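# Structural overview
Residues per chain are reported as follows:
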Amino acid sequence: GLLNKPQDTHYGFIDKTISSSQLFNPHLLYNNGEQTMLSAIRRELAGASSFKFSVAFITPSGLATLKQELLDFKGQATIYTSTYLDFNDPKMFEELLNLENIAVRVLDDSIDAFHSKGYIFYQDGAFKTATAIVGSSNLTRSALLENEEWNLKFSAAHDGHIIEQLNRAIDRLHDRSKPLTKDWIEAYRSRRKTRREIPVLENEAGPLLPVGGIVPNDMQKEALEEIKKSREAGDKRSLVISATGTGKTILAALATREARPERVLFIVHREQILNKAIEEFQKVLDTEDPQNFGKFVGATRQLDKKYLFATIQTLSRDNNLTQLDPDQFDLVIIDEVHRAGADSYRRVMDYLEPDFLLGLTATPERSDNTDIYEIFKYNVAYEIRLEKALEAKMLVPFSYYGVKDYTDASGQTIEDTSELQNLVMDERLDHIIDVLHKYGHTEDVKGLFFCSSKDEAHQLAQALNARKVNGKDLRTVALTGDDSQERREEVISQLEEGNYDYILTVDIFNEGIDIPQVNQVVMLRKTESSIVFTQQLGRGLRKAKGKDHLRVIDFIGNYKNNFLIPIALFGDNSLNKDVIRQRLEKALETGSLAGVSNINFDKIALERVLSSLGATKLTAMAELKKAYTELRNRLGKAPQRLDFARFDAPNPTVFLTRGDASYWHFLQRIREEEAQELSAAEAAYISFLDRELLNGKRPQELLLLKELLSQQELSVESYRRLLEGYGAKADQQTVDSVLRILSLEFFTEPEKARYGERSLVTQRGQKLVVGEDFFHRYQENSYFRGQVNDSIEAGLYLNQHYYDRSGNLKIGMRYSRKDVCRLLNWGSNQEGVVNGYKVDADTATCPIFVTYHKADDINDSVKYQDHLLDETTMLWFTKHSRTTESKTEKAIIEGNYRLDIFVKKDDSEGIDFLYLGKSKRPEYAENTKIPTAKGEKNIVSMRLPLEQPLAPDVYKHLTYSGKTSV
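Here is what the cut-offs are and how they apply
Residues numbered from 1 in each chain as written. Predicted model: local features only at pLDDT ≥ 70, side-chain atom pairs only at ≥ 80, totals over all residues. Heavy atoms only, no water. Helix = DSSP H or I, 4+ residues; strand = E, 2+ residues; numbered from the N terminus. Buried < 20%, exposed > 50% of the residue type's maximum accessible area, 1.4 Å probe, protein only. pLDDT = per-residue confidence, 0-100. Salt bridge = Lys/Arg side-chain N within 4 Å of Asp/Glu carboxyl O. Pairing = 2+ DSSP bridges. Axes fitted to C-alpha atoms, helices over the stretch in contact; angles between N-to-C directions. Contact = heavy atoms within 4.5 Å. Phe/Tyr/Trp six-rings, centres within 6.5 Å; stacked < 30°, edge-to-face > 60°. Polar contact = N/O pair within 3.5 Å; in protein donor to acceptor, adjacent residues only side chain to side chain.

So, about unusual backbone geometry. Leave glycine aside and you will find that most residues have negative phi; peptide bonds, for their part, are mostly trans. A positive phi is found at Asp444, a non-glycine position, where the angle reads about 55°. Looking at where Asp444 falls in the secondary structure, it is placed in the loop between α18 (426-439) and β18 (447-450). With relative accessibility at 48%, the residue Asp444 sits in the partly exposed group.

Below is the structure:
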């Protein structure tokens, strides 16, 4: 509690030079990076027993960012708000009223201005404390995540004077306010309608397209410049990758306006899209006569028009295609060009010979093995993925809610094999309605439901139409691939006009359909691929007037593929479970994705996702080959290790899947035609480089090898200067350690045998010399030389971009016991005997390894309850049969060893441990006893203070006691 940390208050208000954990000192919140107002509120809600908010302005999108926390909150809570300036929307009040566990009171401010922004959180414990955040942030998405706001967060005891003042202010609000009711909302709605102008404090979704001449935004300017460069360089084809909803057609029209071609052909895959494309081209090319725009679709043949818009179905027919001259068009643009693997597209692209062919797509990665990059000669003019588009405000932000699907009384839930009758049973319908009530918009819903089958879509639509949400009859309709184009257009028009709340479908809206007004997407099916997930999410991300955010409700059952959800949300291609989990937990902790959107899971849904992630093998050979093929397609050549390091692709180390494996071994196994044969000795050298150095956790070995392979020998002094120039440690201990690694002296006998027992570097006096056999093979075999150079360059790239250039351990990164022995300059690999901790006298170091949640089958005598007391302190237990007078433990207590703390949540996280940083000298140590099968054993417990407090998401990950983890 606060009273246990008086130094924090002293640090914050009196003297910043004193030592402090900085957990309870006052803090200014101004939405800088991850330290947002939203993350601060979410963190305080997690530890509060009650709260009171006094906020003048609240928006539905602001409320959406805190929805899960407000629903989960179990204590006493009151929100005070107002009608000041009639800013607050009636539907926001409806949503507040739906929060049954939270009291809401309203100040009906027709005269007095109510403009407060204060958030007070009360904590009950041994010491009663309160934390307040007071400043400029209203409860709006922008104020919580983006705007330059000033909010002061401070803590005090319940009986402190400042808390007394805040409570008095709250009491005054209580006396002046009235409870929020349905009748009050209706009266406010009627009164508000008569007001001519409601103030708009912010447009949280960013600007829509301007009326009149369309001016490109910053990203479009950049894309246009790159397209122009490609054209002027003589390229005949170029590809633009642009996330769903970012205005690919507008960009194409802008590129057309800039290129000033005499004849243009725009190709789409559906007539409905064609009509919209003509509209958007006419907006951009507003000086052109509308008579210059024509169609080539069905029976319409306006082939003489300057701007011709055609469907691929009509154009690709032989008797239609030959009506055009191959060189008739200066510019040909193909929309949704990831379809270009189909025969119809190939026929058209092989026939036409324009000056320039521009392809547009949101999803170049395909599941049908079509290499779109090859079709466009590996020439990508510009690329904007979902996260980048959100950051640039090209799309509306979204609030994603992962919620558990229906579970019956016996504990059975929806899973991959669930039959139709289980999907449409009354109890599941009740659950769906309840979720829509809790998480959805309260009115003006324009939604899409994605179902698992056509039958489910039809039966659910019929059943939902007999239900109510928020007191209003649901109006839904099923629309599938069986429906005609006319029927689809009619239903979409009805949704846009507000005559339907939801369209239920399977996959016909995955791409190509533009319904900007969609403000709610409901996913009622398992995630089969991250590509489809992103396409369906994208259906609601387009901007529209009056739409400030999208709500996404994802029903998560017991599906094997739940691990694809975070992969899709983050566009993550790492194939690394730790990376995916860390990104997910950081987004949940900070409350934001791409700075504007937010992700929420209820507890059970989160456990299902984490359980799926823990159970899947992302690095199975099929996944590795798929990742390899995607990058090969992108590059037009066999990718090297450095390519995987540089591009949005898996880390090259994920390809080391067997004990002797290297990236070369992987190429051999997939029968990559460019993988030439290596001798056993050469393969052993490559295995050593890839398995020991490629990870980039320390650069010293890589730098020495790179230098020696160019000049064979180097003085120790020159090597030190080389390290210093790079920014790496160059002390004698480190140099000696590097030589033990490269001479294989560091390694165990089995490891030496695996690596051929040949030294890569030796020392002769003050000279460092490359191994003769290694250098000879490097000189004589160009393929081997390329493999060696690639491994070294990729390792240095990974070091520079992920680890510490000095070669020191980096907080927040993961290391194996062997990595730690190496980076601490130990004389040999002690990974087999380190266990919980081990001291090294030569380096005066003692790494401590903690598995936070021990496996159930571990012997009780070693199942010590090491745990974090808070973000700054670990309670740690030594091995048994030790006391404070034991030699090693006494030296640790006296501060004779550097202590480095490494933790993993449980054994499902593999062999690597998260580095938490150094510990200062133990704050205290005491002898205690633990029961074992052979009686009580002596043990020492120590309180280890970390030099740096843990990041909130790391602390939450380690201390969360859920059964599932990754």
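Right, let's talk about the confidence of the model for the protein chain for a bit. Taken over all residues, the pLDDT of the protein chain has a mean of 89, while the share at 70 or more is 92%. In the model of the protein chain, helix α1 (residues 6-13) stands out as the element of lowest mean pLDDT, 62, in contrast to helix α35 (residues 817-823), which has the highest, 98.

Counting across every chain of the model gives 56 salt bridges. When the shortest N-O distance is used, the salt bridge between Glu589 and Arg43 registers 2.7 Å. Residue Glu589 is located in helix α23 (residues 577-590), and its partner Arg43 is located in helix α2 (residues 37-47); the two are separated by 546 residues in the primary sequence. For Glu589, a relative accessible area of 7% corresponds to the buried category. The exposure class assigned to Arg43 is partly exposed, which follows from its relative accessible area of 27%. Here Asp819 makes a salt bridge to Lys697, at a shortest N to O gap of 2.7 Å. With a gap of 122 residues between them, Asp819 in helix α35 and Lys697 in the loop between α28 (680-693) and α29 (700-711) connect regions that are remote in the sequence. One exposure class covers both Asp819 and Lys697, and it is buried. Bridged by salt links that share partners, the residues Glu94, Lys182, Glu186, Arg189 and Glu443 form one connected network.

Another aspect to go through is the sheet that holds strand β27 (residues 761-764). Taken in spatial order, the 3 strands line up as β26-β28-β27 in an open sheet, and their pairing is antiparallel. Only two strands of the sheet have a single neighbouring strand rather than two, namely β26 (713-715) and β27. Between one strand and the next, the sheet's axes are offset by a mean angle of 25°, whatever the strand orientation. Along the sheet, α29 makes contact with β26, β27 and β28 (767-770), crossing β26 at roughly 120°. With respect to the sheet, helix α30 (residues 716-726) is in contact with β26, β27 and β28, its orientation differing from that of β26 by roughly 85°.

A separate point is the packing of aromatic side chains. Here a ring pair, both rings aromatic, is described through the centre-centre distance and the interplanar angle of the planes. One pass over the full model with this rule turns up 38 aromatic pairs. Ring centres of Phe93 and Trp184 lie 4.9 Å apart, and the angle between their planes is 75°; this geometry places the pair in the edge-to-face category. On the criterion of sequence distance, the pair formed by Phe93 in helix α5 (residues 90-98) and Trp184 in helix α8 (residues 182-193) is long-range, its members being 91 residues apart. Trp184 matches Phe93 in its accessibility class, with the two residues each being buried. Seen from their ring centres, Phe849 and Phe913 are 5.1 Å apart, and the 70° between their planes marks the pair as edge-to-face. Here Phe849, found in strand β30 (residues 845-851), pairs with Phe913, found in strand β34 (residues 913-919); they are 64 residues apart in sequence, far enough to count as distant.

It is worth spelling out the environment of Phe293 at this point. Within the element layout of this structure, Phe293 appears in strand β11 (residues 293-297). The class for Phe293 is buried, based on a relative accessible area of 9%. For the pair Phe293 and Tyr351, spaced 58 residues apart in sequence, the C-alpha to C-alpha distance is 23 Å. Beyond its immediate sequence surroundings of up to four residues, Phe293 is in contact with Ile278, Phe281, Gln282, Leu285, Glu288, Gln302, Lys305, Tyr307 and Phe309.

To continue, consider helix α21 (residues 530-538). Listing the buried residues of α21 in full gives Phe533, Gln535, Gln536, Leu537 and Gly538. Among the structural elements, α16 (386-391), β17 (398-404), β18, β23 (520-523), β24 (550-556) and α22 (564-570) are those in contact with the buried residues of α21.

As a further point, take the sheet that holds strand β31 (residues 867-870). Within the open sheet, the 4 strands sit side by side as β31-β32-β36-β35. Their pairing is antiparallel. Here the strands that pair on one side only, and so sit at the sheet edges, are β31 and β35 (924-932). Sheet twist, expressed as the mean angle between neighbouring strand axes with direction ignored, is 30°. Pairing of strand β32 (residues 873-877) with strand β36 (residues 935-945) involves 5 bridges; the strand directions are antiparallel. Along β36, the bridge assignment pairs Met874 with Leu944.

Mapping Lys153 onto the fold places it in strand β7 (residues 151-157). Residues contacting Lys153, with those up to four places away along its chain left out, are Asn25, Pro26, His27, Leu29, Glu44, Thr131, Ala132 and Ile133.

Examined against the element boundaries, Asp86 turns out to sit in the loop between β3 (76-82) and α5. Owing to a relative accessible area of 8%, Asp86 belongs among the buried residues under this scheme. Here the side chain of Asp86 touches Arg191 through a polar contact of 2.9 Å, side chain to side chain.

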